[in-house]
Amino acid sequence: MSTATLHLNQLEGGYPGHRVLRPTNLTATHGDIVLITGPNGAGKTTLINAIAGHVLTSGQIWVDGQDISRWPADRRARAGIALVPQHRGLFAGLTAAEHLRLATTDASAVDDVLDRLPHLRTRLRHRPSQLSGGEQQMLAIARALVRSPRLLLLDEPAEGLAATVVGELVRVIADVAAAGGTVLVTEPGTGTAAWPDARHHELRRGLLTPVLAATDAQGARP
Ligand SMILES: Nc1ncnc2c1ncn2[C@@H]1O[C@H](COP(=O)(O)OP(=O)(O)OP(=O)(O)O)[C@@H](O)[C@H]1O
């Protein structure tokens with residue numbers, strides 16, 4: 001995993017006739033997990049998709065000192081920005097193995113990722129409809145990881161999953177950050193329990209604000 005620094009500068013984004021993101025500033029460096037929580041409709045998906053290049057934006061998105069905000073989505077993906085979309089984006093007709101082969105021709109990269117997700121290795125011949133929700137999510141994440149992304153964007157990856165599966169998912173994501181990657185992850189509501197090491201930001205009506213950790217808040221008291 002190569003390293004990355006993400007910097008959003010006055011980023012706005014939305015859809016024709018509907019601005020969702022109000023001017024957004026955020027800096028994340030390699031090793032960071034940034035958790036973005038917020039209620040339904042707050043703009044979490046819009047923000048993640050704006051960074052991936054799927055939403056109209058103004059303002060700047062810097063990755064490793066390069067302004068990528070005018071790059072099309074495919075160029076961002078080739079540059080190592082990987083999106084795990086909210087509903088996983090798996091192909092009904094492809095097996096798990098075919099999803100991974102489509103993502104990379106590097107068999108050793110696939111092997112490395114499957115070493116970290118041993119259960120998925122046992123499900124490689126299955127199509128998405130034959131996989132549990134947790135297995136589908138692991139496949140969607142594995143498909144992103146086999147390309148050794150420098151910036152990993154995950155939109156509500158824990159949605160609908162059992163606590164044990166969420167625990168495994170969090171461990172895999174923590175490994176990505178520990179290896180120097182930068183991770184942005186969204187969760188609905190306010191819950192942060194699954195992501196104790198994340199830097200927490202809250203998005204409300206398109207406005208992103210940092211949430212102080214309890215220890216920071218205590219430290220800030222006179
Ligand atoms: N393709 C679209 N065209 C127009 N408006 C959209 C589109 N997608 C989302 N929106 C609107 O943008 C706003 C933010 O939606 P978004 O999906 O980013 O929120 P969210 O925080 O991810 O919500 P959820 O937790 O329900 O997924 C909402 O008002 C939504 O209706």
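Please refer to the structure placed before this passage.
Presented here is an overview of the structure given in this document. Note that the coordinates shown come from a computational prediction; the quantities given were computed from them, not determined experimentally.

## Here's the deal with the site of the ligand
Alright, step 1. The environment of the ligand is formed by Tyr15, His18, Val20, Gly38, Asn40, Gly41, Ala42, Gly43, Lys44, Thr45, Thr46 and Pro188.
Alright, step 2. Sorting the residues of the shell around the ligand by element identifies strand E2 (18-28) and helix H1 (44-52) as the ones contributing at least two each.
Alright, step 3. Of all the elements, H1 adds the most residues to the shell around the ligand, at three residues.
Alright, step 4. Grouping the amino acids of the shell around the ligand by side-chain chemistry returns four nonpolar, seven polar and one charged.

## Notes on the sheet that holds strand E3 (residues 33-38)
Sheet strands line up and pair through hydrogen bonds in the backbone, either parallel or antiparallel.
Alright, step 1. In space, the six strands of this open sheet follow the order E6-E7-E8-E3-E9-E10, with mixed pairing throughout. Both edges of this open sheet fall to strand E6 (81-84) and strand E10 (207-210), since each of them pairs with a single strand only. Taking the axes of each pair of neighbouring strands and ignoring which way they run, one obtains an average angle of 20° across the sheet.
Alright, step 2. Inspection of the sheet shows strand E9 (residues 199-204) paired to E10 by four bridges, in the antiparallel sense. Following the sheet pairing, His201 is matched in E10 by Pro210.
Alright, step 3. Helix-sheet contacts for H1 involve E3, E6, strand E7 (151-154), strand E8 (182-188) and E9, and the interaxial angle to E6 is about 150°.
Alright, step 4. Relative to the sheet, helix H7 (residues 163-178) contacts E3, E7 and E8, its axis offset from that of E8 by approximately 150°.

## Thoughts on the sheet that holds strand E1 (residues 6-15)
Alright, step 1. Reading across from one edge, E2-E1-E4-E5 is the order of the four strands in this open sheet, with antiparallel pairing throughout. Two strands bound the open sheet, and with one partner strand each, they are E2 and strand E5 (66-67).
Alright, step 2. Here E1 runs beside E2; their pairing, made up of seven bridges, is antiparallel. Paired with Leu11 across the strands is Thr24, a residue of E2.
Alright, step 3. Along the sheet, H1 makes contact with E1, E2 and strand E4 (56-63), crossing E2 at roughly 70°.

## Structural notes on the packing of helix H6 (residues 133-145) against H7
Alright, step 1. It is the contact of H6 with H7, at a shortest axis distance of 10 Å, that shows an interaxial angle of 10°. Relative to H7, H6 is oriented roughly parallel. Taken together, the residues of H7 that come into contact with H6 (itself represented by Gly134, Gln137, Ile141 and Leu145) are Val165, Leu169, Val172 and Val176.
Alright, step 2. Taken together, the residues that form the contact of H6 with H7 break down as six nonpolar, two polar and no charged.

Each value, and the rule that gives it
Residues numbered from 1 in each chain as written. Predicted model: local features only at pLDDT ≥ 70, side-chain atom pairs only at ≥ 80, totals over all residues. Near = placed C-beta within 6 Å. Helix = DSSP H or I, 4+ residues; strand = E, 2+ residues; numbered from the N terminus. Nonpolar A, V, L, I, M, F, W, Y, C, P; charged D, E, K, R; others polar. Pairing = 2+ DSSP bridges. Axes fitted to C-alpha atoms, helices over the stretch in contact; angles between N-to-C directions. Contact = placed C-beta atoms within 7 Å. Parallel < 35°, antiparallel > 145°, perpendicular 65-115°, else oblique.

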